[in-house]
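Chain residues, written in single-letter form:
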Amino acid sequence: MSLTLYFLRHGQTECSRNNSFCGSIDSELTPEGLEMAKAFADAYSSMDWTAIFCSPMRRTVLTAKPLCEAIKIEPQLRDGLKEINYGMWEGRTPEVISREYHDDYIRWSADPAWNAPTGGEMAVTIASRALQVIEEIKQNYSSGNVLVVAHKATIRIILCSVLGIDVGRFRFRLGCPVASVSIVEFSSHGPLLKALADRTHLDEQLRNLPGT
């Protein structure tokens, strides 16, 4: 058997609904975000899960909670799975940031791997800490299904790193809407992307909500 990781982005928050940057802000899920978490649990609780790893932020813990309760598995919280720290950009929209931090925003947009948001983190820093968690999972679980509940940028950076995509292109190569799941199978041939940003577990209304 091979090891399969399911990367689940948290459900909707006010920031994701308004398309504002939310990294270190410990936001709650909206009522619709809680519905998304329950929909994922309803669709995936019949699977045989080996472990669940989760960012310690409230929005990710609340997203993991319905499945954890359904299958009686405690989530293993890891700081390495936290979202990128957006520094001075937290809670602001790209339009505001482009106006108030224009030069930094241009540099970050061109190559976020080595350019950080003003006072925030570079993508290579996220890759370093997040991949430590992935390596921990691979060392402790040689097979089975493992759920990783994290954030938009973090998941895309992990996927780029394991699939050999330039981390500096994470914003423009991979989609990751709220409550989407991406699946990577690890075998003797290396990582294989089985699904990207799947949201078939959500009904049409939840899939079509505004936001990122």
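Residues numbered from 1 in each chain as written. Predicted model: local features only at pLDDT ≥ 70, side-chain atom pairs only at ≥ 80, totals over all residues. Heavy atoms only, no water.

Per an unreviewed UniProt entry, the protein chain is named Histidine phosphatase family protein, and its organism is Nostoc flagelliforme FACHB-838.

## Observations concerning the packing of aromatic side chains
Summed over all chains, the structure comprises 12 aromatic pairs. Relative to Tyr44, the ring of Tyr6 lies with its centre 6.2 Å away and its plane at 75 degrees, an arrangement referred to as edge-to-face. Highlighted residues: Tyr6 in strand β1 (residues 3-9) and Tyr44 in helix α2 (residues 31-44), separated in sequence by 38 residues. Tyr44 carries the same exposure label as Tyr6, and that label is buried. (Phe/Tyr/Trp six-rings, centres within 6.5 Å; stacked < 30°, edge-to-face > 60°. Helix = DSSP H or I, 4+ residues; strand = E, 2+ residues; numbered from the N terminus. Buried < 20%, exposed > 50% of the residue type's maximum accessible area, 1.4 Å probe, protein only.)

## Here we look at helix α7 (residues 152-163)
Here α7 spans 17 Å end to end across 12 residues, near enough to the 16 Å set by a 1.5 Å rise per residue. The element α7 is largely enclosed, with a buried count of 9 among its 12 residues. Looking at the buried side of α7, the elements it contacts are β1, α6 (123-140), β4 (144-150), α8 (170-173), β5 (181-187) and β6 (190-198). Trailing α7 by a residue or two, Gly164 shows a phi angle of about 80 degrees, which is positive. (Expected span 1.5 Å × (residues − 1). Contact = heavy atoms within 4.5 Å.)

## Examining α6
Given a rise of 1.5 Å per residue, 18 residues ought to cover 26 Å, and the 26 Å separating the end C-alpha atoms of α6 matches this to within 8%. The complete set of buried residues in α6 reads Ala123, Ile126, Ala127, Arg129, Ala130, Val133, Ile134 and Ile137. Those residues of α6 that are buried are in contact with β1, β2 (49-54), β4, α7, α8 and β5.

## Here we look at the environment of Tyr105
Note that Tyr105 resides in helix α5 (residues 102-110). Among the residues examined, Tyr105 registers a relative accessible area of 13% and is labelled buried. Residues Tyr105 and Leu209, 104 residues apart in the sequence, show an inter-C-alpha distance of 27 Å. Every residue in contact with Tyr105, bar those within four places of it in the chain, is listed here: Trp89, Pro94, Ile97, Ser98 and Arg171.

## Overview of the side chain of Thr118
Locating Thr118 in the fold gives a position in the loop between α5 and α6. Apart from residues no more than four positions distant in its own chain, Thr118 is found in contact with Tyr86, Gly87, Met88, Trp89, Tyr101 and Asp104.

## Some remarks on the side chain of Ser2
If you trace the backbone, Ser2 turns up in the segment before β1. Looking at Ser2, its side chain comes within polar contact range of the side chain of Glu185, at 3.1 Å. Excluding its chain neighbours within four sequence positions, the residues that come into contact with Ser2 are Ser142, Ser143, Gly144, Glu185, Phe186 and Ser187. (Polar contact = N/O pair within 3.5 Å; in protein donor to acceptor, adjacent residues only side chain to side chain.)

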